[in-house]
Amino acid sequence: MVCKPWESNKKRSFNGAPFFYWHTLANFSRFSISKLECMRSSFRIVFLSVFVLLSAVGCKKTTKTEVKTVDTYVADNYTKKEVDIEMRDGVKLHTTIYAPKDTSKEYPIIMQRTPYSSRPYGEGNFKTKIGPNEHLMREGNIIVYQDVRGRWLSEGHYENMRAYIPNKTSNDQVDESSDTYDTIEWLVNNVENNNGNVGIWGISYPGYYATYATVDAHPALKAASPQACIGDFFFDDFHHNGAYLLSYFRATSLFGTPRPNGDAPIDTAWYTLPKLPTEDQYQFFLDAGPLKNLDYFFEYETADTPTMRPEGVTDDFFWNELKEHPNYDEMWQSKGLIQHLKNVKSSVATMIVGGWFDAEDLYGPLETYKNIEKYNTDNYNTMVFGPWDHGAWARTKERNTVGNYYFGDSISLFFQKNIETKFFNHFLKGEGDKNSGLPEAYVFDTGRKEWKTYDTWPPQNVEKQTMYLSEDEELTSEAKNVTGIDFVSNVKKPVPYSEDVKTVFTPRKYMTDDQRFAARRSDVLVFETEVMEEDLTLAGDILAKLKVATTGTAADWIVKVIDVHPADTETNEEMQDHLKMSNYHLMVRSEVLRGRFRNSFSDPEPFTPNQKTDVDIKLQDVFHTIKKGHKLQIQVQSTWFPLIDLNPQTYVDNIFKADESDFKTQTHTVFTDSNIEFTVLK
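Quantities reported herein were computed from a predicted structural model and do not represent experimental measurements.

Novice: What exactly am I supposed to notice about the overall build of the protein here?
Specialist: Each helix and strand counted, the protein has 15 helices and 31 strands in total. When burial is assessed residue by residue, the protein has 59% of its 682 residues classed as buried. Long-range contacts, defined as pairs at least 24 residues apart, comprise 76% of the intrachain contacts of the protein with a sequence gap of at least 6.

And the structure:
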């Protein structure tokens, strides 16, 4: 029996909201389809507010009925069918097919594979929006959603970031590539009125599956658009350069909770997210102490899990993986997809989409584009990066902001109509050659707030420009006297990543947050240029070459690139009340390196106390102009809490198993021959 997802989750609630509703809001872009943004449609049924006057015993009362809008476009124009497609090893994957009711012509298939459910289940229950965007929905395409192996109504066992198996020798060797191949094979041979061309898209984890589809691709797959695609969980989402992102703690159970009833298919959420007993996540995690003190959140004690478990092992298999594999070992390496993009078939056109301010998956889409480009020179491979946080390009809001910062109007709408739709139509309905009418790189300059197009990324006319972290808080083009600048890194008072008091599902807003609050702390070093006399456009990656020392044996290093706005900058309407755009310190890019991994992510090593040491940190690409009248600022710090977990600052083999006594306050030093190498547009 298929239960309605809304009803089945009424008992799972957070802050009074049903679980599915709350989780959809909290993790909006992972679903890539908003149930909250109703599209304009001639088929809408609008229930207007009415006032009903009732008389009873001489008294009158007024009742106001809520305004409700029901969009029936999909139900009116599409048929829906649910099938279980058998894979080569006999496992069946639940698949939902939306086909246009107009059968007078043939349509391409555009599919998404997801671990987040292809709901609503039941052939009489329709999504209110299907496909990558409204245009592709309205002009007619066969839209397919599939629950991946081991999730929701699909059979099999789920593996988080399932490892790719090259050179398969039997039908028992399956991965996401073979599952995609087998699905496409069934669809093109069994779905009526398809034209034989298939496209795939997805945002975040579904973006990872879209990338996976290009490896050993089915001949019918003509277009793939991995968007905010995970590339490697040691560098995306849960880790950044080896540092554990504590801010993603609450998302762990989403990926690591075993399905009940012997891993049987299930149409309701079987996991619950850890509920912190406070709205102040900074204080909660600080009081909690070492990471091992958080194990109790993942001891589920259900009928399917043992009540007696080995020491240090929880019921959540993903939390166990995080704990037992703190280094970039064989497990993480096998799950990474980036290294398997050396032979993407030229028959598949790829368009990689990302947001310059995506806190979750920035490494993935950039490295996906760069590796396909590097190893597959004859392929059609393009990139689109805009002023977005995670998945914002799929939303229909007219004003485009990230956190406090406003970038302009209709940017996402422009992408959907003029870039995404054009890409899929060309390769699925049109000529399908390399003359798509789209550039190699469609990129948004987040400083000038305008789109630019280039034949390569980074653009051909760039050069490296080095700036030094000099004395007196100066960022200079020439090296000056070499000296050390000390600061105390207190494990009891780590630097916050945001000045807001909040508890989040995953962080987003901080990517454009005003950094004045951090600049005014003694444990954050600030280096700044004079006011710019002309525009400086950063267009590519950034490499921080730090020379550092510590009184301890372990430390994290964080570098932030900041655009300091002039005093007369006008404040936009989305700005938090306590802030103004005057002197706003816009964080353009930031990154952390867990110092133990400075020479190798696989073989960590301690620092020698008080010894000057090289620490190089690669910051992801930017496309941002520091405009005339602004200043360029660099901040360097050693804690960033609780975005990342707290480093003990004394070396231990595994921070997930550190004791409270391991955490020590230390004094760190940054030497003034440290420099930042920018990629600058000439």
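Resuming the write-up.
Novice: Just to check I follow, could you spell out the environment of asparagine 371 for this structure?
Specialist: Relative to the assigned elements, asparagine 371 resides in helix H13 (residues 363-375). For the pair asparagine 371 and isoleucine 338, spaced 33 residues apart in the sequence, the C-alpha separation amounts to 7.0 Å.

Novice: I'm lost on the packing of aromatic side chains in this one. Help?
Specialist: Here the distance between the centres and the angle between the planes together describe a pair of aromatic rings. A complete count under the given rule lists 63 aromatic pairs for this structure. Here the aromatic rings of tyrosine 405 and phenylalanine 407 are separated by 4.9 Å at their centres, their planes lie at 55 degrees, and the arrangement is tilted. An identical accessibility class is assigned to tyrosine 405 and phenylalanine 407; each is buried. A network of ring pairs unites the aromatic residues Tyr116, Tyr164, Tyr205, Tyr208, Tyr209, Tyr212, Phe233, Phe238, Tyr248, Phe255 and Phe318 as a single cluster. The cationic tip of arginine 598 hangs over the ring face of phenylalanine 607; the distance from NZ or CZ to the ring centre is 4.1 Å.

Novice: Sorry, what's going on with the pairing of strand E20 (residues 450-454) here?
Specialist: A regular strand carries its side chains on alternate faces of the sheet. Note: strand E19 (residues 441-445) against E20, five bridges, orientation antiparallel. Note on E20: the bridge partner recorded for phenylalanine 444 is tryptophan 451. What sits between the antiparallel neighbours E19 and E20 is a turn of four residues, in which lysine 449 has the positive phi angle 60 degrees.

Novice: Could you clarify how one ought to interpret the sheet that holds strand E11 (residues 194-203) in this entry?
Specialist: Paired through backbone hydrogen bonds, the strands of a sheet run either parallel or antiparallel to each other. Spatial ordering of the open sheet is given by E7-E8-E10-E9-E11-E12-E15-E16-E19-E20, a layout of ten strands whose pairing is mixed. The open sheet has two edge strands with one neighbour each: strand E7 (78-86) and E20. If you compare each strand with its neighbour and ignore which way they point, the axes differ by 20 degrees on average. Note: strand E16 (residues 381-386) against E19, three bridges, orientation parallel. Bridging across to E19, phenylalanine 385 finds its partner in valine 443. Strands E7, strand E8 (92-100), strand E9 (107-114), strand E10 (142-147), E11 and strand E12 (221-227) of the sheet are contacted by helix H6 (residues 176-190), whose axis makes an angle of about 150 degrees with E9. Of the strands in this sheet, strand E15 (349-355) and E16 are in contact with H13, which crosses E16 at around 160 degrees.

Novice: I'm lost on the pairing of strand E21 (residues 462-470) in this one. Help?
Specialist: Bridging between E21 and strand E31 (residues 675-681) involves seven bridges; their strand directions are antiparallel. Paired with valine 462 across the bridge in E31 is leucine 681. Sheet analysis places E21 next to strand E22 (residues 474-476), joined by three bridges and oriented antiparallel. Note that in E22 the partner of tyrosine 468 across the bridge is threonine 476.

Novice: Help me understand the pattern of salt bridges in this model?
Specialist: Side chains that differ in sign of charge can pair as their charged atoms come close. Per the counting criterion, the structure on display carries 39 salt bridges. Salt-bridge contacts for arginine 138 lead to glutamate 134; the nearest nitrogen and oxygen are separated by 2.7 Å. Pair noted here: arginine 138 and glutamate 134 are both in helix H5 (residues 134-138), with a separation of four residues, about one helical turn. Among the residues examined, glutamate 134 registers a relative accessible area of 16% and is labelled buried. A salt bridge links aspartate 621 to lysine 370; the shortest N-O distance between them is 2.8 Å. Here lysine 370 lies in helix H13 and aspartate 621 lies in strand E28 (residues 613-626), a separation of 251 residues in the sequence. Sharing partners across several salt bridges, the network here consists of Arg113, Glu159, Arg162 and Glu176.

Novice: Quick question: what am I supposed to make of the environment of aspartate 541 here?
Specialist: Mapped onto the elements of the fold, aspartate 541 is located in strand E25 (residues 536-550). Linking aspartate 541 and phenylalanine 623, residues 82 residues apart in sequence, is a C-alpha distance of 9.1 Å. Apart from residues lying up to four places away in sequence, aspartate 541 is in contact with Lys464, Lys618, Leu619, Gln620, Asp621, Glu677, Phe678 and Thr679. Within polar-contact distance, the side chain of aspartate 541 engages the side chain of lysine 464 at 3.0 Å.

Novice: Just to check I follow, could you spell out H6 for this structure?
Specialist: Each α-helix turn comprises 3.6 residues. Residues three or four places apart therefore point the same way. If you check H6, its first and last C-alpha atoms are 21 Å apart, about what 15 residues at 1.5 Å a residue would give, namely 21 Å. Taken together, the buried positions of H6 are Glu176, Ser177, Ser178, Asp179, Thr180, Asp182, Thr183, Ile184 and Leu187. For H6, the side-chain oxygen to backbone nitrogen distance between the N-cap and serine 177 is 3.1 Å, and the N-cap itself is aspartate 175.

Novice: Would you explain helix H11 (residues 317-324) in this entry?
Specialist: Counting buried positions along H11 gives six out of eight residues, so the element sits mostly inside the fold. Elements in contact with the buried residues of H11: strand E13 (239-240), strand E14 (243-244), helix H8 (252-256) and helix H12 (330-335).

Novice: Looking at this structure, I do not really get the confidence of the model for the protein. What am I missing?
Specialist: Predicted coordinates in areas of low pLDDT are best not read in detail. Confidence along the protein averages 90 in pLDDT terms, with 89% of residues attaining 70 or more. Within the model, pLDDT remains below 50 along residues 1-61, and this stretch shows 140 contacts once partners closer than five positions in the same chain are excluded.

Novice: It is not clear to me how the side chain of lysine 335 should be interpreted in this structure. Could you clarify?
Specialist: For lysine 335, the position within the fold is in helix H12. With relative accessibility at 11%, the residue lysine 335 sits in the buried group. For lysine 335, the side chain forms a polar contact with the main-chain oxygen of asparagine 160, separated by 2.7 Å.

Thresholds, definitions, all that
Residues numbered from 1 in each chain as written. Predicted model: local features only at pLDDT ≥ 70, side-chain atom pairs only at ≥ 80, totals over all residues. Heavy atoms only, no water. Helix = DSSP H or I, 4+ residues; strand = E, 2+ residues; numbered from the N terminus. Buried < 20%, exposed > 50% of the residue type's maximum accessible area, 1.4 Å probe, protein only. Contact = heavy atoms within 4.5 Å. Phe/Tyr/Trp six-rings, centres within 6.5 Å; stacked < 30°, edge-to-face > 60°. Lys NZ or Arg CZ within 6 Å of the ring centre and 35° of its normal. Pairing = 2+ DSSP bridges. Axes fitted to C-alpha atoms, helices over the stretch in contact; angles between N-to-C directions. Salt bridge = Lys/Arg side-chain N within 4 Å of Asp/Glu carboxyl O. Polar contact = N/O pair within 3.5 Å; in protein donor to acceptor, adjacent residues only side chain to side chain. Expected span 1.5 Å × (residues − 1). pLDDT = per-residue confidence, 0-100.

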